Amino acid sequence: MISLVTWLRNHKFESHLTAFLLMVFPSVGLYFTLQSKSSAPTWVLLSIFIAGNLLAMLIK
């Protein structure tokens, strides 16, 4: 775990870009799944969005 955090801090641009994309793309999908009242895809996209936020929290 320590080496992963060290790698993330050494590669800040790639880490921030990945976190940003993990938050933007699922948001677009969430817009359409919430309108169609689909439950399973909504939870999958929401979990990807949460993973992007957790990644952003790990980057210092």
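These numbers were taken from a predicted model, which means no experiment stands behind them.

Caption draft 1: Seen up close, the overall build of the protein chain. Within the protein chain, the secondary structure is distributed over three helices and zero strands. The secondary structure elements of the protein chain, listed N-terminal to C-terminal, are α-α-α. Relative to the compact-globule value of 10 Å for 60 residues, the protein chain shows a C-alpha radius of gyration of 14 Å, a clear excess of over 25%. Residue pairs at least 24 apart in sequence account for 62% of intrachain contacts in the protein chain once pairs closer than 6 positions are excluded. Working note: accessible area of the protein chain is about 4,500 Å², and carbon and sulfur atoms make up 76% of it.

Caption draft 2: Here's a closer look at the packing of aromatic side chains. Here the structure, examined in full by the defined rule, presents one aromatic pair. Relative to F32, the ring of Y31 has its centre 5.2 Å away and its plane inclined at 80°; by these criteria the two rings are edge-to-face.

Caption draft 3: Looking closely at the confidence of the model for the protein chain. The predicted model of the protein chain averages 89 in pLDDT, with 98% of residues at 70 or higher. Least confident of the elements in the protein chain is helix α1 (residues 2-10), whose mean pLDDT is 82; most confident is helix α3 (residues 40-58), at 93.

Caption draft 4: Fine view of helix α2 (residues 12-35). Helix length check: α2, at 24 residues, gives a terminal C-alpha distance of 35 Å against a target of 34 Å (1.5 Å per residue), a fit within 8%. Here α2 has its buried residues at S15, A19, P26, L30 and T33. For α2, the elements touching its buried residues are α1 and α3. The first or second residue beyond α2 is K37, which carries a positive phi of 60°.

What counts as what
Residues numbered from 1 in each chain as written. Predicted model: local features only at pLDDT ≥ 70, side-chain atom pairs only at ≥ 80, totals over all residues. Heavy atoms only, no water. Helix = DSSP H or I, 4+ residues; strand = E, 2+ residues; numbered from the N terminus. Rg over C-alpha atoms; globule rule 2.2 N^0.38 Å. Contact = heavy atoms within 4.5 Å. Areas by Shrake-Rupley, 256 points an atom, 1.4 Å probe, with all protein chains shown as cover. Phe/Tyr/Trp six-rings, centres within 6.5 Å; stacked < 30°, edge-to-face > 60°. pLDDT = per-residue confidence, 0-100. Expected span 1.5 Å × (residues − 1). Buried < 20%, exposed > 50% of the residue type's maximum accessible area, 1.4 Å probe, protein only.

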